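In case you want the letters, here they are:
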Amino acid sequence: QRVLRDPSAAKDAYDYIIAGGGLTGLVVANRLTEDPKTTVLVVEYGDLADSWNLSIPYYATALQDASLMFTTPSTPQRGLGGRTFNLPLGATVGGGSTVNGMAYLRGAKVDYDTWEKMGNRGWGWKEMSKYFKKSSTLNVPSPEIVDQLNYTYDKSSFGHGPVQALLPPWQWPDVYYLYKAWTEDMGYPLLNDSMSGNILGAAWRPISADGKNLTRSSARKAYYDPVQHRPNLQLLVNTYVAKVQIPAQGLSRAKGVDVFSRKDGSAKVSISARKEVILAAGGIHTPQILQLSGIGPRHLLDKLNIPVVEDLPGVGANFMDHPTLRGAQQVNQPNPINFSLLRNNASFFDAAWAEYMANRTGPLTAAGGNSGLTATLHNLTTNSDDTATNLIHTLITPANSTAYLPAHYRDKPTLVAGYAAQVSLLTSALQAGTNPLVDFLWSGNAPPGMAVVLQKPLSRGTVLINSTNPHPGLSPPLVDFNAFAHPFDARAMVLAFKLLRRVLLTSPSLRHLGVEELLPGEEAVGTDEEIEAALRGTLMSPHNAHPCGTAGMMPRELGGVVDERLKVYGVEGLRVVDASMLPVIVAANLQATMYAVAEKAADIIRGH
Ligand SMILES: Cc1cc2nc3c(=O)[nH]c(=O)nc-3n(C[C@H](O)[C@H](O)[C@H](O)COP(=O)(O)OP(=O)(O)OC[C@H]3O[C@@H](n4cnc5c(N)ncnc54)[C@H](O)[C@@H]3O)c2cc1C
């Protein structure tokens, strides 16, 4: 049996047990089982799911069926007017890659070089770019359509890997007005390709869809389905890992996992790992499993009477996501052909559906949008009193930045040292004008379809359990983004907001759309303080569904949880391969990076 639905059907032991059959878990499972002698069990909370909603690119813009998602509530966010936010996460085979928005973006060279400078040899751009190529293939439409849609790209940034990245055979007219506004009216560069380390400028970005059938390319489709028949691979679904078994005596070593069925009241089943346990439950649930297993900050574990296996204060600290702004403007004279037609006009939708089903062309082949522009701080600061250097000097130094860290960092010098090292690297890149600070995204209806994303926040949050109930859905950890705690983050977003406002309201290329600001309202709100209040009070979300960093890959003396081989400090036979390992968040949606990380991790585990 390849897919098990009852934990008691699992064997007693496997070589590797992977906790979480999401994006990274399935990549690692695929690569490890290339060796027929290696046995792997993947334990996944969700089940296999198939529907048009999951596969047609258009639906990637909508939140998926609630039964396939965790929606984890945050704590009230002090920096965002005390509001709370639901964080969506994939709870199905393929994890986030099965339910996400399909944007396929890579970070900048400086992002990965920063990882290397944080003490992780072999994790800079040079090495990572090999794994970007290994994991992905670029699909482009016919030369006629490429010409017609004006696409630019560079195939040499891709290899022949399992994940299919696609430039879709459809674009809405608004997309072109927005390109014109940003590049011709405002003078920002148009890049030929943003996949090879230079992301500063506007560019066409692919979506994660397969050019052969124009459906989603997820970790499930790319890495699991093609190898599901392997006799050495089993997938245990509807089951969650509660903790890693680490015997109390002797050397700390992961011996296996304790799992429960999602069904209420099920009995615990213990499964052994002959070689390793690999945590791949994502940026929220991997720190939960570690803490429940006695690996985490001592004071937290003591409070919950969890025996301490390894005092690692970094577990659940260094929490990052991408704060995002949406919905500040609307158009009064929309282009007659725009994305909203799919939602509001039944006959337009029916025709689009028929076209997609017949030819795999038309509006349903495009996801939320695959266009955007990444800007530096220098791009955002235009008047002389507000220069980038001034801002950096007044708002950021490693010393003053630590004042905005969560209370959890108090009395934990290693965490503070790690954060100070990050700030120092980020500041140098800001100063040099290489830090990809903010992303402006656009899609088929301008401007409701626009978003502004803070790509390199300086604020850090926490993910800490407050209960010993291990159910990841019913008893999630406390998620505190602590967004906008650092004043530089708010300042950067005020500047980004003002740039967006300038482009949308004054660009000749957009004049015909009659853009109007809804919030804060251009007449009512003049000062930066008023804009900041509107951002904090209404417009900003603390996340873009990219939680990461909570088991960071950094030296232990810098608050790290895993070393550069992704091994948890102080515990043998235990690694983390998921978004928790990011030392510093990259300036891109996470999936492309996570595929590359997982490919590299598999090579490390196999000793390649
Ligand atoms: C709504 C949404 C939209 C997104 N949009 C984009 C986008 O457009 N582009 C992009 O690049 N990225 C996007 N992302 C982010 C991207 O999908 C994630 O960063 C990526 O999937 C993270 O990979 P991961 O392996 O760390 O975790 P995941 O893919 O989340 O996998 C973790 C898996 O572990 C399982 N799990 C959790 N706890 C347990 C447990 N205790 N036991 C067993 N299993 C467990 C989960 O069910 C899940 O399947 C989006 C994410 C979401 C949720």
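Before reading on, note that the structure itself is shown above.
Residues numbered from 1 in each chain as written. Predicted model: local features only at pLDDT ≥ 70, side-chain atom pairs only at ≥ 80, totals over all residues. Heavy atoms only, no water.

A.B. asks: So what about the pairing of strand β3 (residues 40–43)? Which residues, and what values?
C.D. replies: Every regular strand shows the same layout, with side chains that alternate between the two sheet faces. Alternating positions in β3 separate into two faces, Val 40 and Val 42 on one and Leu 41 and Val 43 on the other, with burial throughout. With four bridges connecting them, strand β2 (residues 13–19) and β3 associate as parallel partners. Bridged to Ala 19 within β3 is Val 43. Following the chain from β2 across helix α1 (residues 23–32) to the adjacent parallel β3, one finds a crossover that is right-handed. The pairing of β3 with strand β11 (residues 233–236) spans four bridges and is classified as parallel. Of the residues in β11, the one forming a bridge with Val 40 is Leu 233. (Buried < 20%, exposed > 50% of the residue type's maximum accessible area, 1.4 Å probe, protein only. Helix = DSSP H or I, 4+ residues; strand = E, 2+ residues; numbered from the N terminus. Pairing = 2+ DSSP bridges. Right-handed = clockwise from strand over helix to strand, strands pointing away.)

A.B. asks: An account of the sheet that holds strand β25 (residues 540–541) is needed here, citing residue identities and associated values.
C.D. replies: Taken in spatial order, the six strands of this open sheet run β8-β19-β20-β21-β17-β25, and their pairing is antiparallel. One side of each edge strand has no neighbouring strand; the edge strands of this open sheet are β8 (201–204) and β25. Taken together, the two bridges between strand β17 (residues 324–326) and β25 define a ladder with antiparallel strand orientation. Looking at β25, one finds that Thr 324 is bridged to Ser 541. Sitting on the sheet, helix α7 (residues 173–185) is in contact with β8, β19 (371–375) and β20 (438–442), with an inclination near 155° to β8. (Contact = heavy atoms within 4.5 Å. Axes fitted to C-alpha atoms, helices over the stretch in contact; angles between N-to-C directions.)

A.B. asks: Hey, could you go over the environment of Met 186 for me, with residue numbers and the actual values?
C.D. replies: With respect to the helices and strands, the residue Met 186 is situated in the loop between α7 and β8. Residues Met 186 and Ser 475, spaced 289 residues apart in sequence, show a C-alpha to C-alpha distance of 48 Å. Residues in contact with Met 186, not counting those within four places in the same chain, are Ala 181, Leu 499, Arg 502, Val 503 and Ser 507.

A.B. asks: Quick one: what's the story with unusual backbone geometry, residue by residue and with numbers?
C.D. replies: Notably, Leu 214 is not glycine yet its phi reads approximately 55°, a positive angle. Positionally, Leu 214 belongs in the loop between β9 (209–210) and β10 (215–216). The residue Asn 238 is not glycine, and still its phi comes out positive at about 55°. Tracing the chain through its elements places Asn 238 in the loop between β11 and β12 (239–245).

A.B. asks: An account of empty space enclosed by the protein is needed here, citing residue identities and associated values.
C.D. replies: A complete count under the given rule lists seven cavities of 30 Å³ or more for this structure. When its volume is computed, the largest cavity comes out at roughly 80 Å³. Every residue lining the largest cavity is listed: Phe 319, Met 320, Asp 321, Pro 323, Pro 457, Ser 459, Phe 481, Ala 483, Phe 484, Asp 489 and Pro 542. Within the lining of the largest cavity, the residues separate by chemical class into eight nonpolar, one polar and two charged. Its volume calculated, the second largest cavity comes out at about 60 Å³. Lining the second largest cavity we find 14 residues, and of these Asn 318, Tyr 409, Leu 415, Met 554 and Gly 559 sit closest to its centre. (1 Å grid on protein atoms, 1.4 Å probe; cavity = no way out; pocket = protein on both sides within 12 Å on 5 of 7 lines; lining within 4 Å. Points joined across faces, edges and corners; volume = space filled by probe spheres on them. Nonpolar A, V, L, I, M, F, W, Y, C, P; charged D, E, K, R; others polar.)

Any functional reading would require information beyond the geometric quantities listed.
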